[in-house]
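Residues per chain are reported as follows:
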Amino acid sequence: MRKIRNIATAGALTTLMVGATAAFGPSASAAPNVTPQGVCGSSYKTVNSAAVGSLGTLYLTYNASNGKNCVVAIRSNPGAALDMSASIYIPDTDAWSDDTGKFTSYAGPVYAYGKGHCVSWSGHIDNVYVSVDNSNCASLTEHRVLEVR
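Everything numeric here is computed off the predicted structure, so don't read it as measured data.

Below, the discussion takes up the sheet that holds strand 2 (residues 56-63). Within a sheet, each strand pairs with its neighbour through backbone hydrogen bonds, oriented either parallel or antiparallel. One open sheet accounts for four strands, arranged 1-2-3-6; its pairing is antiparallel. Of all the strands in the sheet, the pair left with one neighbour each is strand 1 (45-52) and strand 6 (106-113). On average, each strand axis in the sheet is inclined to that of its neighbour by 15 degrees, with strand direction left out of account. In the sheet, strand 3 (residues 68-75) pairs with strand 6 via six bridges, with the strands oriented antiparallel. Residue pairing across strands places Ile74 opposite Tyr106, the latter belonging to strand 6.

Right, dumping it as structure tokens:
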């Protein structure tokens, strides 16, 4: 009799777990697979990155075939829309682009022609801001700033 009761209890718990999984779906941490190449384009290779605290990563990518850089800020855990941005600036040419708004998983892509030039790029997720100046050039030393506002 005890064995039948244990089997019945195990069966009820299994049914409860299966029902809960069906009702609530996959967990929130099962985030979509967002990559810099998926956002910027498959021919863009990651050349630099900067952590945006624990909230995500800011990526600088480069496409050797067209000389353009791309910047994208990707959240670690997509969810409710947060204030986010991604921006790029080429000081030598004064070219720039930015994308600012409320996003659920990433900000960007933003593009600028950067072949042979230093690149400054920045972004934020919620209240954590990152900026990288004079990046990816031999003539100047890169300067990074992480700020929580």
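This part takes up the packing of aromatic side chains. Here the distance between the centres and the angle between the planes together describe a pair of aromatic rings. Taken as a whole and assessed by the stated rule, the structure comprises one aromatic pair. For the cation-ring pair, Arg149 lies above Tyr129, with the distance from its terminal atom to the ring centre recorded as 3.8 Å.

For the coordinates displayed, the defined rule picks out two disulfides. Residue pairing for Cys40: its cysteine sulfur links by disulfide to Cys70, the two sulfurs lying 2.0 Å apart. Across the disulfide from Cys40 to Cys70, rotation about the S-S bond amounts to roughly -75 degrees, and the bridge is consequently left-handed. You can see Cys40 sitting in helix 2 (residues 36-40) and its partner Cys70 sitting in strand 3, a full 30 residues away along the chain. In this pair, the class of Cys40 matches that of Cys70, namely buried. The disulfide that involves Cys118 links it to Cys137, with 2.1 Å between the sulfurs. Handedness of the Cys118-Cys137 disulfide follows from its S-S torsion of about 100 degrees: it is right-handed. Residue Cys118 is located in the loop between strand 6 and strand 7 (119-125), and its partner Cys137 is located in the loop between strand 8 (128-135) and strand 9 (143-148); the two are separated by 19 residues in the primary sequence.

Definitions and cut-offs
- Residues numbered from 1 in each chain as written.
- Predicted model: local features only at pLDDT ≥ 70, side-chain atom pairs only at ≥ 80, totals over all residues.
- Heavy atoms only, no water.
- Pairing = 2+ DSSP bridges.
- Helix = DSSP H or I, 4+ residues; strand = E, 2+ residues; numbered from the N terminus.
- Axes fitted to C-alpha atoms, helices over the stretch in contact; angles between N-to-C directions.
- Phe/Tyr/Trp six-rings, centres within 6.5 Å; stacked < 30°, edge-to-face > 60°.
- Lys NZ or Arg CZ within 6 Å of the ring centre and 35° of its normal.
- Disulfide = S-S within 2.5 Å.
- Buried < 20%, exposed > 50% of the residue type's maximum accessible area, 1.4 Å probe, protein only.

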